Amino acid sequence: MLRIKFDRGTLLIEGEKRQVDDLRLPGCVFDPRMELWRAPARCYREIITSLTRSDVEHEDHAREYDELNFVSQLDREPFPYQKEAADAWDENRRGVVVLPTGAGKTFVAQMIMERVGRSTIIVTPTIDLMNQWYSVLSTSFDIEVGLIGGGYYEPLPVTVTTYDSAYIHMERLGRRFALIIFDECHHLPGPSYLMAADSSIAPYRLGLTATPEREDGEEWRLEDAIGPIVYRREIKELAGDYLSEYETVRLTVRLGDDEKERYQNERAIYLEFVRENRISLSSQHGWPRFLMLSSRSEAGRRALLAYREQKSIAQASPAKLRLLDRLLVQHRRDRILVFTSDNDTVYRISRRFLIPAITHQTKVKERHEILQRFNVGDYPFLVTSRVLNEGVDLPAANVGVVLSGSGSVREHVQRLGRILRRMKDKRAILYEVISEDTAEEYTSSRRRRHSAYR
């Protein structure tokens with residue numbers, strides 16, 4: 001008889017070596033130190049299925065999760081696409097659901113939790129999202145919800161944690177949950193975070209995201225860790241019926257003569273260094289190589305300063321701020337989110353226009369108060385860098401102004417998603433402001449490679 005045990009994020013298979021050899025169980029390798037077979041905990045479902053189908057007698061000492069009876073406290077009917085998503089996942093009970101920001105991915109997860117009816121852990125990228133999930137689940141189900149992260153360590157049959165905490169603690173907790181939900185699962189393919197998926201036996205796995213694609217192309221790892229994409233709907237498909245109608249407008253400003261000259265001079269210094277050192281910025285290793293070489297010589301340090309200066313000129317020019325002034329006046333009766341790529345510009349805008357600002361430096365209580373007052377209308381405008389790209393609910397926001405950002409498609413779609421939460425008579429508009437004859441034109445073209453902008 002074979003015995004399956006959980007051991008620090010792995011499975012141990014005890015039994016006759018020849019018998020296990022013949023079975024060729026998924027993920028199993030022989031561990032000569034202990035003279036038994038070992039596999040990643042994520043192979044639990046495949047191993048148990050293989051043993052059962054082969055009529056091999058075995059004892060399962062690995063799992064330690066509970067059956068739960070989730071009864072929703074809210075009388076809420078799912079939208080058709082939400083039910084379709086849950087049904088698609090239910091066919092194999094593994095996989096990724098791709099829905100736009102504001103489309104109710106959390107409610108899809110709640111439906112799936114009810115269907116599975118077993119111990120569940122939800123993994124989120126930030127403390128803010130962890131707290132949001134805690135609030136939603138505590139309200140939706142008559143259960144006590146545990147927290148791991150942000151100073152808490154309270155593992156319960158339903159627990160919410162962060163990616164950072166999950167990969168640290170999962171080797172101890174990986175046997176306690178049957179369903180693991182990865183929110184914003186595009187974060188998962190990082191080398192450390194994948195340990196959370198590998199160290200859990202959870203036979204049922206759900207990934208939620210609006211944009212599974214990653215800049216490094218590592219999204220293929222999601223299939224091994226969670227499962228394939230089982231359901232996908234884009235912004236264009238849901239706009240009007242389930243999300244707000246919207247439009248996107250690209251506005252171009254011209255640099256002043258002095259700014260343009262400085263921009264061109266600084267960019268020439270930066271590009272000359274790149275050419276001399278044969279750095280391919282289009283490759284995955286191009287930018288790390290530039291940073292490494294820039295630290296090795298005076299010319300390199302000057303090139304790095306030139307890169308920062310030309311970028312600063314393009315991203316926060318006086319012309320952009322003058323245009324922002326006009327947009328704030330034009331939309332003075334709307335609820336506006338202003339996005340930049342750096343904190344310096346955030347604080348500069350905040351001081352100039354007397355707008356509340358949120359960055360990663362903003363304290364938790366202050367951030368909470370600002371967001372609340374924005375939603376109720378006390379603050380009509382809000383400026384931020386990247387910390388509001390995901391994980392916040394701002395249903396009142398209907399105008400977005402992107403003054404600067406990366407070339408990431410995901411970031412741009414997330415910023416659009418911040419203003420798409422449906423409200424009565426709401427029509428959203430996203431302005432993208434770029435500096436003419438600068439690298440921002442190329443950056444803008446890159447980040448608009450999504451169906452939402454066609």
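All values derive from a computational prediction rather than experimental measurement.

Visitor: Got a sec to walk through the packing of helix α10 (residues 257-276) against helix α11 (residues 286-294)? Specific residues and values, please.
Guide: When two helices pack together, their arrangement is given by the angle between the helix axes and the distance between those axes. At their nearest, the axes of α10 and α11 sit 11 Å apart, and the two run at 100 degrees to each other. Considered as vectors, α10 and α11 are oriented roughly perpendicular to each other. Counting all contacts with α10, which are made through Y270, F273 and V274, the residues of α11 involved are F290, L293 and S294. Residue composition of the contact of α10 with α11, by class: five nonpolar, one polar and no charged.

Visitor: Describe helix α2 (residues 44-53), listing the residues and the values that go with them.
Guide: Taken together, the buried positions of α2 are Y44, I47, I48, S50 and L51. Taken end-on, α2 shows its buried residues confined to a sector of 160 degrees, consistent with a single buried face. Count one or two residues on from α2 and you reach D55, which has phi positive near 55 degrees.

Visitor: Run through unusual backbone geometry, naming residues and quoting values.
Guide: Its identity is not glycine, yet R93 carries a phi of approximately 55 degrees, on the positive side. Along the chain, the position of R93 falls in the loop between α3 (80-90) and β6 (94-98). For L354, which is not glycine, the phi torsion reads 55 degrees and is therefore positive. You can see L354 is positioned in the loop between α14 (343-353) and β16 (357-358). By relative accessible area, which is 75% here, L354 ends up exposed.

Visitor: Talk me through the sheet that holds strand β17 (residues 381-384); I want residue IDs and the actual numbers.
Guide: On the basis of which strands lie adjacent, the open sheet formed by six strands has the order β14-β19-β18-β15-β17-β16 and parallel pairing. Each having just a single partner strand, β14 (245-253) and β16 make up the two edges of the open sheet. Sheet analysis places β14 next to strand β19 (residues 427-435), joined by nine bridges and oriented parallel. Counted as the bridge partner of Y246 is A428 from β19. Helix α13 (residues 318-330) rests against β14, β15 (336-339), β17, β18 (399-402) and β19 of the sheet, and its axis sits at about 165 degrees to β19. Across the sheet, helix α16 (residues 409-417) touches β14, β15, β18 and β19, and the angle it forms with β19 is around 140 degrees.

Visitor: Break down the packing of α3 against helix α4 (residues 105-116) for me, with residues and values.
Guide: As a packed pair, α3 and α4 sit with axes 9 Å apart at the nearest point and diverge in direction by 45 degrees. Accordingly, the angle class assigned to the pair α3 and α4 is oblique. Every pair of crossing elements has a handedness; the one defined by α3 and α4 is right-handed. Residues Q82, K83, A85, A86, D87, W89 and D90 of α3 form the contact with α4, whose participating residues are F107, V108, M111, I112, R115 and V116. Here the residues of the contact of α3 with α4 are counted per class, giving eight nonpolar, one polar and four charged.

Visitor: Now, about the sheet that holds strand β2 (residues 10-14): what can you tell me, with residues and values included?
Guide: Strand pairing in a sheet takes place through backbone hydrogen bonds and is either antiparallel or parallel in direction. Pairing in this open sheet of five strands is mixed, and the strands run β3-β4-β2-β1-β5 from one edge to the other. Every other strand in the sheet has two partners, leaving β3 (29-31) and β5 (58-60) as the edge strands with one partner each. Taken over all neighbouring pairs, the strand axes of this sheet differ in orientation by 30 degrees on average, direction set aside. Pairing of β2 with strand β4 (residues 36-40), which is carried by four bridges, proceeds in the antiparallel orientation. When the sheet's bridge partners are listed, T10 is paired in β4 with P40.

Visitor: I'd love a proper account of a positive patch on the surface, names of residues and values included.
Guide: A cluster of basic side chains, namely R322, R326, R348 and R352, defines a positive patch on the protein surface. Elements with a contribution of two residues or more to the positive patch: α13 and α14. Among the secondary structure elements, R326 is positioned in helix α13.

Visitor: Tell me about the packing of aromatic side chains, residues and numbers included.
Guide: Within the structure shown, the criterion is met by 14 aromatic pairs. Seen in terms of ring centroids, Y163 and Y193 are 5.2 Å apart; in terms of plane orientation they differ by 40 degrees. Their pairing is tilted. Remark: Y193 occurs in the loop between β11 (179-183) and α7 (194-198) and Y163 occurs in helix α6 (residues 163-173); sequence separation between them is 30 residues. With centroids separated by 5.1 Å and ring planes inclined at 55 degrees, the aromatic side chains of Y270 and Y307 adopt a geometry described as tilted. Placement of Y270 in helix α10 and of Y307 in helix α12 (residues 298-315) is noted, with a sequence separation of 37 residues between them. Among the aromatic side chains, those forming a connected cluster through ring pairs are Y270, F273, W287, F290 and Y307.

Thresholds applied
- In this convention, every chain numbers its residues from 1, walking through the sequence in written order.
- Predicted model: local features are reported for residues with pLDDT of at least 70 only, side-chain atom pairs are reported and counted for 80 or more only, and whole-chain, interface and lining totals are derived from all residues.
- Derived side-chain values reflect all non-hydrogen atoms in the structure, with water molecules and hydrogen atoms excluded from consideration.
- Orientation is described by axes fitted as lines to C-alpha atoms, over the contacting stretch for helices, and by angles from 0 to 180 degrees between their N-to-C directions.
- Helix numbering and strand numbering both begin at the N terminus, where a helix is a DSSP run of H or I of at least 4 residues and a strand a DSSP run of E of at least 2.
- For this classification, under 35 degrees means roughly parallel, over 145 means roughly antiparallel, 65 to 115 means roughly perpendicular, and everything else is oblique.
- By definition, residues are in contact when any of their heavy atoms lie within 4.5 Å.
- Residue type decides the class: Asp, Glu, Lys and Arg count as charged, Ala, Val, Leu, Ile, Met, Phe, Trp, Tyr, Cys and Pro as nonpolar, and the leftover types, Gly among them, as polar.
- Only protein chains enter the accessibility calculation, which uses a 1.4 Å probe. A residue is then buried if its area is under 20% of the maximum for its type, exposed if over 50%, and partly exposed in between.
- Summarising the geometry, the arc corresponds to the directions from the helix axis toward the C-beta atoms.
- Paired strands are those between which DSSP finds at least two bridges.
- Take the far helix as the reference: if the near one is turned anticlockwise from it by less than a right angle, the crossing is left-handed, and if turned clockwise, right-handed.
- Residues enter a patch when their relative accessible area is above 30% and they make no salt bridge; the linking distance is 9 Å between like charges and 5 Å between nonpolar side chains (Val, Leu, Ile, Met, Phe, Trp, Tyr).
- Under the convention used here, a 1.4 Å probe and the Shrake-Rupley method define accessible areas, while residue burial counts only the protein chains that appear.
- The salt bridge definition used is simple: a Lys or Arg side-chain nitrogen within 4 Å of an Asp or Glu carboxyl oxygen.
- In this tally Asp and Glu are treated as negative and Lys and Arg as positive; neither His nor the chain ends contributes.
- We put the charge of a Lys on NZ, of an Arg on CZ, of an Asp on CG and of a Glu on CD.
- Pairing of aromatic rings covers Phe, Tyr and the six-membered ring of Trp, with a centre-to-centre limit of 6.5 Å; geometry is then stacked below 30 degrees between planes, edge-to-face above 60, and tilted otherwise.

In short, the description is geometric, and any link to function would need to be established separately.
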